[in-house]
Amino acid sequence: MSRKLQYSLAINEAIHQMMEVDSSVFFIGQGVKSPWYVGNTATGLLEKFGSERVIDTPVSENAVTGAAVGAAIAGMRPIIVHPRMDFMLYALDPIINEAANWHYMFGGKSSVPVVIWGIINRGGEQAAQHSQAFHALFAYVPGLKVVMPSTPYDAKGLMIAAIKDNNPVIYIDDRWLYKTEEHVPEEPYIVPIGKGVVRKHGKDITVVSVSYMAVEAVKAADTLKEKGIDAEVIDVRTVKPLDYALIFESVKKTGRLVIADVGWKSFGFAAEITAAVCEKAFKYLKAPVGFVTLPDAPAPASSALEEIYYPCSDSIIKAIEGVV
Amino acid sequence: MNFNKSLQISRSLSKSLLIKMYWTMLKIRLCEESLVEPIIQGEVKCPCHLCSGQEAIAVGVCASLDEKDYIFGTHRSHGHYLAKGGGMPELIAEIYGKQTGCSRGRGGSMHLIAPDKGVMGAVPIVGGTISLAVGAALASKIRKENRVTVSFFGDGASGEGVLYESLNFASLKRLPIIFACENNLYSTHMPIKECRSKNNIFEIGNSFCIPSYRVDGNDVLKVYELTKKAVEKCKENKGPVFIEFMTYRLRGHVGADDNIQGNRTDIRPNDEIEEWKRKDPLKKFEKFLLENGFLTKENMEIIKKEIEEEVRNAYVFAQNSPYPEKSELINHVFKE
Ligand SMILES: Cc1ncc(C[n+]2csc(CCOP(=O)(O)OP(=O)(O)O)c2C)c(N)n1
Ligand SMILES: [Mg+2]
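Observations concerning the sheet that holds strand β7 (residues 169-174) of chain A
What holds strands together in a sheet is hydrogen bonding between their backbones, with the strands either parallel or antiparallel.
All names here are of chain A.
So, step 1. Spatially, 7 strands are ordered β3-β2-β4-β5-β7-β6-β12 in an open sheet, and the strand pairing comes out mixed. What marks the edges here is a single partner per strand, and that holds for β3 (54-56) and β12 (238-240). Here the strands of the sheet are splayed against their neighbours by 20° on average, with no regard to which way each runs.
So, step 2. Of the pairings in the sheet, the one linking strand β6 (residues 145-147) to β7 comprises 3 bridges and is parallel in character. Residue pairing across strands places Val146 opposite Ile170, the latter belonging to β7.

Things to note about the coordination of the magnesium ion (ligand 2)
Residue and element names in this part refer to chain B.
So, step 1. Here the magnesium ion (ligand 2) is held by Asp155 (OD), Asn184 (OD1) and Tyr186 (O), and the distances to it run 2.0 to 2.1 Å.
So, step 2. Mapped onto the sequence, the donors of the magnesium ion (ligand 2) take the spacing D-x28-N-x1-Y. With a gap of 31 residues between them, Asp155 in the loop between β4 (149-154) and α8 (161-172) and Tyr186 in strand β6 (residues 186-187) connect regions that are remote in the sequence. Here Asp155 matches Tyr186 in class, with each residue buried.

Describing the interface of chain B and chain A
So, step 1. With 40 residues of chain B in contact, the opposing surface of chain A contributes 37 residues.
So, step 2. Summed over both sides, the interface of chain B with chain A buries roughly 3000 Å², with 63% coming from carbon and sulfur.
So, step 3. Counting the surface chain B buries against chain A, the share from its top three residues, His189, Lys326 and Leu329 of chain B, is 22%.
So, step 4. The tally of links from chain B across to chain A stands at 2 salt bridges.
So, step 5. One salt bridge connects Lys33 of chain A with Glu194 of chain B, and the closest N-O pair in it is separated by 2.4 Å.
So, step 6. Along the contact surface separating chain B from chain A lie 14 residue pairs in polar contact (both at pLDDT 80 or more).
So, step 7. Of the residues that constitute the side of chain B that touches chain A, the class distribution is 17 nonpolar, 16 polar and 7 charged.

Topic: the side chain of Ser209 of chain A
So, step 1. On the secondary structure map, Ser209 of chain A appears in strand β10 (residues 205-209).
So, step 2. In this structure, Ser209 of chain A is in contact with Ala214, Ala217, Val233, Ile234, Asp235, Val236, Ala260 and Phe269 of chain A, ignoring residues within four places of it in sequence.

Regarding the domain arrangement of chain A
Residues and elements named next belong to chain A.
So, step 1. Each assigned domain of chain A is listed with its residue range as follows: domain 1 (2-185) and domain 2 (197-323).
So, step 2. Taking the mean C-alpha position of each, domain 1 and domain 2 sit 26 Å from one another.
So, step 3. Of the roughly 2100 Å² buried between domain 1 and domain 2 on both sides combined, carbon and sulfur atoms contribute 60%.
So, step 4. The three residues of domain 1 that bury the most area against domain 2 are Arg122, Glu125 and Met148, which together make up 24% of that side's buried surface.
So, step 5. One can count 2 salt bridges joining domain 1 with domain 2.
So, step 6. Where Asp154 meets Arg237, a salt bridge forms, and the shortest distance between an N and an O atom there is 3.1 Å.
So, step 7. Taken together, domain 1 and domain 2 are joined by 14 residue pairs in polar contact (both at pLDDT 80 or more).
So, step 8. The set of elements that each furnish at least two residues to the side of domain 1 that touches domain 2 consists of α6 (135-139), β6 and α7 (152-164).
So, step 9. Across the side of domain 1 that touches domain 2, the residue classes tally to 18 nonpolar, 8 polar and 5 charged.

Quick notes on the sheet that holds strand β2 (residues 112-114) of chain B
All names here are of chain B.
So, step 1. Here 7 strands make up an open sheet; going across it, the order is β2-β3-β1-β4-β5-β9-β8 and the pairing mixed. Strand pairing shows two members of the sheet lacking a second neighbour, β2 and β8 (212-216), which therefore form its edges. Going from strand to strand, the sheet's axes swing by 15° on average, the running direction of each strand aside.
So, step 2. Sitting on the sheet, helix α4 (residues 55-63) touches β1 (70-73), β4, β5 (177-183) and β9 (241-246), and the angle it makes with β4 is about 170°.

Some thoughts on a nonpolar patch on the surface
So, step 1. Residues Tyr104, Met105 and Phe106 of chain A make up a contiguous nonpolar surface patch of about 390 Å² in total accessible area.
So, step 2. Tracing the sequence through the fold places Met105 of chain A in helix α5 (residues 92-105).

Looking at the site of ligand 1
So, step 1. Neighbouring ligand 1 are 22 residues, the closest being Glu61 of chain A together with His75, Arg76, Pro124 and Gly156 of chain B.
So, step 2. At the site occupied by ligand 1, the surrounding residues belong to chains A and B.
So, step 3. A distance of 2.8 Å separates an oxygen atom of ligand 1 from a polar atom in the side chain of Asp155 of chain B.
So, step 4. Protein contact buries 96% of the 580 Å² of open area that ligand 1 shows by itself.
So, step 5. When the residues that make up the shell around ligand 1 are grouped by side-chain class, the tally is 9 nonpolar, 9 polar and 4 charged.

Quick word on the packing of aromatic side chains
So, step 1. What the rule picks out here adds up to 18 aromatic pairs over all chains.
So, step 2. An angle of 10° between the planes, with centres 6.4 Å apart, marks the rings of Phe285 of chain B and Phe288 of chain B as stacked. Placement of the pair is Phe285 of chain B and Phe288 of chain B together in helix α12 (residues 281-291), with a separation of 3 residues, close to one helical turn.
So, step 3. Residue classification places Phe288 of chain B among the buried residues on the basis of a relative accessible area of 0%.
So, step 4. A cation sits over an aromatic face here: Lys265 of chain A above Phe291 of chain A, 5.0 Å from the ring centre.
So, step 5. Here the guanidinium or amino end of Lys279 of chain B rests over the ring plane of Trp276 of chain B, the centre of that ring lying 3.8 Å away.

Here is what the cut-offs are and how they apply
Residues numbered from 1 in each chain as written. Chains lettered and ligands numbered in written order. Predicted model: local features only at pLDDT ≥ 70, side-chain atom pairs only at ≥ 80, totals over all residues. Heavy atoms only, no water. Pairing = 2+ DSSP bridges. Helix = DSSP H or I, 4+ residues; strand = E, 2+ residues; numbered from the N terminus. Axes fitted to C-alpha atoms, helices over the stretch in contact; angles between N-to-C directions. Donors = N, O, S within 2.8 Å, 3.2 Å for Na, K, Ca; no water. Buried < 20%, exposed > 50% of the residue type's maximum accessible area, 1.4 Å probe, protein only. Contact = heavy atoms within 4.5 Å. Buried area = accessible area lost by both parts, 1.4 Å probe. Salt bridge = Lys/Arg side-chain N within 4 Å of Asp/Glu carboxyl O. Polar contact = N/O pair within 3.5 Å; in protein donor to acceptor, adjacent residues only side chain to side chain. Nonpolar A, V, L, I, M, F, W, Y, C, P; charged D, E, K, R; others polar. Domains from an automatic or database assignment. Patch = residues over 30% accessible without salt bridge, like charges linked within 9 Å, V, L, I, M, F, W, Y side chains within 5 Å. Areas by Shrake-Rupley, 256 points an atom, 1.4 Å probe, with all protein chains shown as cover. Near = heavy atom within 4 Å. Phe/Tyr/Trp six-rings, centres within 6.5 Å; stacked < 30°, edge-to-face > 60°. Lys NZ or Arg CZ within 6 Å of the ring centre and 35° of its normal.

Set out below in C-alpha cells:
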C-alpha cells in the first residue's frame, strides 16, 4: 500500500506513465541514456520506448530546445531535459523569445505544450558555471510557468501536471533532493500547478520556502519547536504562478515572514514575495522580513567557501530568531 | 607513427626544442596522473577532467606560440595551462581549493587562468570560450599586435552553434585565430558517431573559407609543424586556421575513469581503449627520441626524477597554502 519511492524515481515514474498513455509525449536531451547526467530519472525509458521517443542528443542546447519547442508547436508534448540549468542559457532564445511569447504574440492561435526541465546540480566544488539556480530568471518572463518540487510526491505530480499543461513549463529539480524518499502513489496523479502547501502549521512566523530549502525549512521549524518558536512552513512548489493567497493568509496569522530560497538574494524569488506581501499584506507585518538566500555572488569552488555560500536549516533558524 | 615524416620534421627543429616538448609532455602526464589517487580518495573534491593521452596537442600547439600569444580552454585544460607556462603549484593549489590557486580557489580544476602567460581562461561550458577567443583575436587585430589566439575545444563543441557563428565572423574579419579542435572521439558518454553524421569535423572550416586540416594529435612533431605553419599564416594576416587533432583520452571523462556512480558506464569498447593505449603520444615520442639518439634512457630517467620532484613540490605548496578566508566570500564579484 504505502510504497516508498525516491524523488528521482518519482520523476522517472511520471515520465514512464505519461509516455505510456500519450503517444505525443517524447523525451529528449543530453544524457537521457546515461546515468552520468540525469541520475536514474531516465531509467528504463529507452528500453521501453525506443530511440524514436527517447532521444539523447549532441551538445546543442539551443537547437535541441528549439526543436522541442517546435515539436510542441506541431502538436507533440516534448520533455526536454538539461542536466544542469547552467547549460540552458544557450537555449534562452527558444525558451524566452519563442516559447514564452508564442501563444500571446499569435493571438492564442498556437500553443507550446513543452516541459523544459532543468536540473540544479550544485556543490561539490563545481563552481560558478555548474551550480546556478535560474528559477527567478524564468519566472520573470510572462508566458512561462515555473515549478520546483521539493518532495518525491510533488516531483511526480508536478511532472505529470507539467506534461499535461498546454503551456511551456520550466520544471526545476535539485540533485540534492534525489535521494529523498516518501510514499508515492503508483497511479498517475497531478499536483496542481500554482498551488503551494503548508508543510508545517504554526502561529509565530511564516517561512516561505522553495525546492531544497523547503526541506531545510521543515528541519529548522522542528528544531525551533523545541525552543518554543512555532513556525509555519510553506512550500510554494510552483514559483509561477505563485500561490500568493496561501502566503498572505499565513502572514495574516503570524505577522512575521522569513523567505528561504535556493537562489540569489537580489531581484529574485525572495524579493518578489517581499514585494507582494508589502503590497497586499503590509498591515499584518510586525517585523522586517528575513531573508535566507545565496549571497549575491557566483558559486565558489573551494569547499571552504561553499560551506558558507549555501544556506541550510541553521541559516533559517538564525533568520527566524532575528525576526521573532 | 610515420618515422620518416617525423624525422624530417625533427631535422628542422633544435634538439633543445625537442627536449623541451618531451619535458612538457611528461610534466603534464605526471601531473595528471598524480591526481588520480587524490581523486579516488576524495581528497580532491572538484571535478577533474584529466588530459592524459592528449598531451601532444597542448604541447605541440603551445610550443609554436610565443608567450604573448593567447589561448582559451575548456573543462579539460590542465595540459593547455601547463604547456603555455601556467605554474604547476598554482594548478594543484587551485584543484585543492586554496587561496594560492591560479583562480584563488574560486574556480577549481575547470576554471584555469594565467594571464601573464597568455592563458586567458578555461571554463567548462562547452563552446563557452570559442567566441571569446575570437574577441581576443579581434582585439589584437585592432591593436595591430601580431599576436595569435588559439581556441581549444573538443569534438563535443562542434555541436554548439556558437562555433559556426565564430568561424564565420573570424573568417569574415580575417582574424589571427587558430581553432584547435581536439577530437577524442567522445563527448561524455556519446561516441562521435552518435553526435555527427560523419566524423569530419575539420571540414567544417572549409565552408567558411578557412584553411582546415586534420592531423594525428598523438604525434607531437606533426602537431607542432602544422600549428607552426598556422601561426605564421595568422601572423601574415592570413588567418584564421582550423585544425582538428585526432586523439583519445586515456582516463575517464571526469575523474580517474568512467566508473561513475558505481556503474561501469564507460561505453568505450575495450579493444578501442587498448588500441589507443598503443598510440600513447608520450610513448611514441619517447621511442622516437631514443631511436634517433636525441635522448638516452638515462637522460629520460633524470628528466622524470626532476619532474617528479616538481610535482611533489607543487603538492607541498598546495598543502601548505591557506584556504580562502570566509570573510572574502563575496570579494571579486566586481573589480574594485
Ligand atoms: C553547454 C554545456 N553543455 C553540456 C555540458 C556538459 N559537458 C561537459 S563536458 C561535455 C562533453 C564535451 O565533449 P568534448 O567537447 O568532446 O570534450 P572532451 O570532454 O571530450 O574533452 C559535456 C557535454 C557543458 N559543460 N556545457
Ligand atoms: Mg571529446
